Amino acid sequence: MELKRILEKYPKRQDCLIDVLLDVQNTKSTRHLTEVELARVSEHLGLPESHVFSVVSFYSFFSMTPRGKHILQVCRDVPCYLNDTFNVHETLESMLGIKTGDTTEDGLFTLEYSSCLGCCDQAPVMRVNDTVYGNLTPDKLRAIISECRSDDDA
Amino acid sequence: MPIKTREDLMQLKAQLPDETSYRMTILLCGGTSCLSSESDIIDEMLREKIEKNHLENEVNLVKVGCLRFCGEGPIMFISPDDIAYVRLTIKDVSDIFEQHILRGHIVDRLLYVDGAQNKTVPAPKDMDFFKKQQRIALRNVGDIDPRSIEAYVAREGYEALRRCISDMRADEVINVVRKSGLRGRGGGGFPTGLKWAYTASVKSDEKYVICNADEGDPGAFMDRSIIEGDPHSLVEAMIIAGYANGASEGHIYIRAEYAISIEPLRLAIDKAREHGFLGTHIFGSEFSFDIHIKLGAGAFVCGEETALIRSMEGHRGEPDKKPPFPSESGFRGKPTSVNNVETYVNIPAIILRGADWFASIGTERSKGTKVFALAGQLRNIGLVEVPMGTTFREIIYDIGGGHPEGKQIKAVQIGGPSGGVITEDFFDTPIDYDSLIAIGAMMGSGGMIVMDEDSDMVEIAKFYLDFTQDESCGKCTPCRIGTKRMYEILERLTAMEGDPQDLERLETLGENIKNASLCGLGQTAPNPVLSTMKFFREEYEAYAYRTKRTSYLIDGKQCIGCTKCARVCPVDCIAGKVREVHTINENDCIACGACYDACPTNAIVKP
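None of the values given here were measured: they were computed from a predicted structure. (Residues numbered from 1 in each chain as written. Chains lettered and ligands numbered in written order. Predicted model: local features only at pLDDT ≥ 70, side-chain atom pairs only at ≥ 80, totals over all residues. Heavy atoms only, no water.)

Caption draft 1: Representation of helix α14 (residues 341-353) of chain B. Residues and elements named next belong to chain B. The buried fraction of α14 amounts to 11 of the 13 residues, a majority that puts the element mostly inside the structure. Residues of α14 that are buried include every one of Val341, Glu342, Thr343, Tyr344, Val345, Asn346, Ile347, Pro348, Ala349, Ile350 and Ile351, and no others. Of the residues flanking the start of α14, the one acting as N-cap is asparagine 340, its side-chain oxygen 2.7 Å from the backbone nitrogen of glutamate 342. (Buried < 20%, exposed > 50% of the residue type's maximum accessible area, 1.4 Å probe, protein only. Helix = DSSP H or I, 4+ residues; strand = E, 2+ residues; numbered from the N terminus. Polar contact = N/O pair within 3.5 Å; in protein donor to acceptor, adjacent residues only side chain to side chain.)

Caption draft 2: Main features of the sheet that holds strand β8 (residues 249-254) of chain B. Residue and element names in this part refer to chain B. In spatial order, the strands read β9-β8-β7-β10; together these 4 strands make up an open sheet with parallel pairing. Single-partner strands in this sheet number two, and they are β9 (290-295) and β10 (336-340). The sheet shows a mean angle of 20° between the axes of neighbouring strands, direction not considered. (Pairing = 2+ DSSP bridges. Axes fitted to C-alpha atoms, helices over the stretch in contact; angles between N-to-C directions.)

Caption draft 3: Broad picture of the confidence of the model for chain B. Of all residues in chain B, 100% have pLDDT values of 70 or greater, and the mean over the chain is 93. Two numbers describe this predicted complex: its pTM, 0.92, and its ipTM, 0.91. (pLDDT = per-residue confidence, 0-100.)

Caption draft 4: Expanded view of the packing of aromatic side chains. For the coordinates displayed, the defined rule picks out 17 aromatic pairs over all chains. Between the aromatic rings of tyrosine 243 of chain B and phenylalanine 287 of chain B, the centroid separation amounts to 5.4 Å while the plane-to-plane angle is 75°, which identifies the pairing as edge-to-face. Within this pair, whereas tyrosine 243 of chain B is found in helix α11 (residues 231-245), its partner phenylalanine 287 of chain B is found in the loop between α12 (263-274) and β9, the two being separated by 44 residues in sequence. With respect to burial, tyrosine 243 of chain B and phenylalanine 287 of chain B carry one shared label: buried. Three or more aromatic residues link up through ring pairs in this structure, and these residues are Phe69, Phe77, Tyr112, Phe129 and Phe130 of chain B. Just above the ring of tyrosine 113 of chain A sits the side chain of arginine 76 of chain A; from NZ or CZ to the centre is 4.3 Å. The cationic tip of lysine 606 of chain B hangs over the ring face of tyrosine 596 of chain B; the distance from NZ or CZ to the ring centre is 4.7 Å. (Phe/Tyr/Trp six-rings, centres within 6.5 Å; stacked < 30°, edge-to-face > 60°. Lys NZ or Arg CZ within 6 Å of the ring centre and 35° of its normal.)

Caption draft 5: A look at the domain arrangement of chain A. In terms of domain boundaries, chain A breaks down into domain 1 (2-58) and domain 2 (70-153). The distance between the C-alpha centroids of domain 1 of chain A and domain 2 of chain A comes to 28 Å. (Domains from an automatic or database assignment.)

Caption draft 6: Region of the structure containing the packing of α11 of chain B against α14 of chain B. Residues and elements named next belong to chain B. Taken N-terminus to C-terminus, the directions of α11 and α14 make an angle of 75°; their axes are 8 Å apart at the nearest point. Taken together, the axis directions place α11 and α14 in an arrangement best described as roughly perpendicular. For the pair α11 and α14, the contacting residues are Ser233, Leu234, Glu236, Ala237, Met238, Ile240 and Ala241 in the first and Val341, Tyr344, Val345, Ile347, Pro348 and Ile351 in the second. (Parallel < 35°, antiparallel > 145°, perpendicular 65-115°, else oblique. Contact = heavy atoms within 4.5 Å.)

Caption draft 7: Representation of the packing of helix α1 (residues 2-9) of chain A against helix α3 (residues 35-45) of chain A within the structure. Residues and elements named next belong to chain A. It is the contact of α1 with α3, at a shortest axis distance of 11 Å, that shows an interaxial angle of 30°. One finds that α1 runs roughly parallel with respect to α3. Classified by chirality, the crossing of α3 by α1 is right-handed. Contacts from Leu3, Lys4 and Leu7 of α1 reach α3 at Glu37, Arg40, Val41 and His44. (Left-handed = near helix turned anticlockwise from the far one by under 90°.)

Caption draft 8: Focus on the nonpolar core. Residues and elements named next belong to chain B. The biggest cluster of nonpolar side chains holds 121 residues, and the ones touching the most others in it are Tyr158 and Ile239. Element by element, the count of residues in this core is highest for α11, at 9 residues. For tyrosine 158, the contacting residues outside a window of four places in its chain are Leu9, Ile149, Tyr152, Val153, His232, Val235, Glu236, Ile239, Ala272, Phe277 and Phe283. Cys29, Leu378, Val412 and Phe427 belong to the second largest nonpolar core, which has 40 residues in total. (Core = buried A, V, L, I, M, F, W, Y, C linked by side-chain atoms within 4.5 Å.)

So this is what it looks like as C-alpha cells:
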C-alpha cells in the first residue's frame, strides 16, 4: 500500500525516476529496494525494467540487499585518510564482527564506505543515518555504537 | 504579499528587529561540521537560559551558517564585545551565560589561542586566519540567519534582482557579467558571461538554468557552506540567470551526501516563492521563474555537466560527448546553462557593485576571489576566500598558520582527483586559472589539502586512483579499464611486488587515458599519479626498486627510554631497558603505528 501511495505522488515522467527510487528506499526500515518494487516503479513510469535496474545499479545510494537500522558510512577520502591516526574501518569491523558492506545478524548495523561528507575539518568522519560524527577516536566509536544499541532497546 | 518595488523591499527589511536594540548579539555556528560537534545542543541550552532569565529582548542569539574557521568549531562570535569563543562543548554553556552574558566577564579559557605565536587573540578581526581574506562569495555566510529572508534583504538581498528586472534588459545583464570577467568556479574556468550569451542566443521555446551543487571533490566543502549559510544568494542569482538566459525554470542538483544540508535551501525557496521572487510576474514584470531541488544518488561523475543532466533526466549518470554543449542542447534537449554554486553567488554582488569593481580584484585573466576549503595537516582549517593571485605561501602560512607541529610541509593537493600536487618550489605561484595550468596543476573546485613530510605520496596517489576507478561510470574504456590498471600497478608497487618498468607503464597509461577518455573525469584521472611522479619520483623508485623501508625505526637521539612503545607493541618486537635507547626488530615489525602514537618524544620514525 505504501508503495502505491509513493508512486501516486509522482508524475509519470522518466526524470522522476531517481526521486521515486530514493523515496521508496528511504521509507523502508531495511533501506533497500526489491525486484518487485523495481517492477512496480517501471510500470508506473512506463520504463523498461532493465532501465530501472541499470539506474539502481549505477548509483551508490541504492541497495538491493536489506540493510541495518543504523547505516554507518565511513568517509574514506583523502583528508580523513591523512588525519586517520587509527583505522576507522578496521576498528568498526572488529567491533561489529562484520566486513564493510555487510549487515550484522541482529539487523542493527550496516557498515559502508562514503564519499567525502564535506566535513574535512573534523576528519576522520562518519555518518550514521542522518547524523555526522567527526573527530573520531576508538572511544567515540564505542560510544556511538552503544548509543545506537540503547536507542534500539528503548 | 508579493514584493513588486523597491519600497516593498524596504518594508520587508524593516520587519527585521533592529540589531542595535539588543545589548548583545551572539552568532553561533550551525554548519554541518559544527553540528557534528553538538552546536545544536549548545544553541538549545543557551536559548533556554536566555528565555528563563527573560533576556530575549536583550540578547540576540542567531544560529548562523558556517563561521568559516571550522578547525576551531564549534565557534561563537559575540558583539559588540568583539569576542570569539572557540572549540565549545556543552559544558561551556553555563560559563558563557553566567560569566559573559550576565556579568560581562570574558571567559578566558574559551578564547582562541594562536598556536603559532602562542598568544590569545580574542577578536576575530585580529586573527591571522581572517586578516588576508576578502569576502564576496561568502559575504553573508556566518553573518546572517540563513532561515531569515528579512536578514538577507537587510543586506541588499534581492535588490540586484530588482535592478535587473526593472532597469536592465537581459542582454545588458549578460554584458555586465561578461565585463566583470567572472569565470566558472567549479573547476573549468569557462567565462560565465560567454556561456550565458550563448544560451541566450539559441532560439528555443524553453530554456533551463541549472546549479551544479554536486560538490564531490574530496576535501571540498565550499558549496555546502554557501548552501547552508546563505541560500538566498544562490536563489537570487539563479533567478537573475533565468532572466538573462531566457529560462523560466531552474534546477539545483545536489549530491545525495548533502541531503542533510538542504533544509535551509528548501526554506529559502519557499520563502522566495511566498514573497513573489519566484513565480509569475516577478517584480511586476512579465518574467516568470521557479526553482526545483534535485537530489543525486551518489555518483561522483555527476559533477560533470552532461552526466549531471543525464542523471536529472532519470538515466545513469554517464557523460555525453561535447559538442553539442548544454548551452545548445542540454536538459530535455533544450538550451541549458549549468553553473556552479560559487559562480552563482558572485552574480548579485557584481550586479550591485558593477563589473568594473569586480574586475579590479584579482589578476589580469582571473577576476574576483576564490573560496578554498583548507584541510589536511595545517594549523588553521576552514573556509578561506582570497583575491585571485594570492600565493600558496600566503594561504598555507599566513592564513593557515603552517603545520600544527612545525613539521615541513611537503606538498599541497588541489583540484581533488582531477588535480595534482604542488611542492614548496611553487608556493610563490599566484593562484589563478592560468598560472596553475602553467605549472601543470589546475584550479579545481577549491579543495586544498596540505600534506606534511610524513605523507607517502605514492599511497596518496593510490588513494585518488582507487577513488576514480571506483567512480568511473564505465562508459568509455580508457577510463573504465585504464584507471583500474593504474590502480593495480600502484597496489603492486606499494606491496613491494612491482618492478622499475611499472613506472613507465604508469606514465604511458596515464597519457593514454588523458588523451582518449570521453569526459573531464577520465581526462584528468591520471593527474594525481602523473604529478606526484613528476615531483616525487624517488618515492616511486623506492617502491619499484624495492629499497623502501617498511618497518618503523627509533631515533636514538630522541629516545628517552620510557618503555611506552615496547608496552604497546602488539608483536613484541621492541626491545630496550628503562632509560636506555630502544630498538625495533625490523623483521618482525608489522608497521601498525602503535609505537608512533605512544611515543612522547617523537623518537619513532615512520617508514
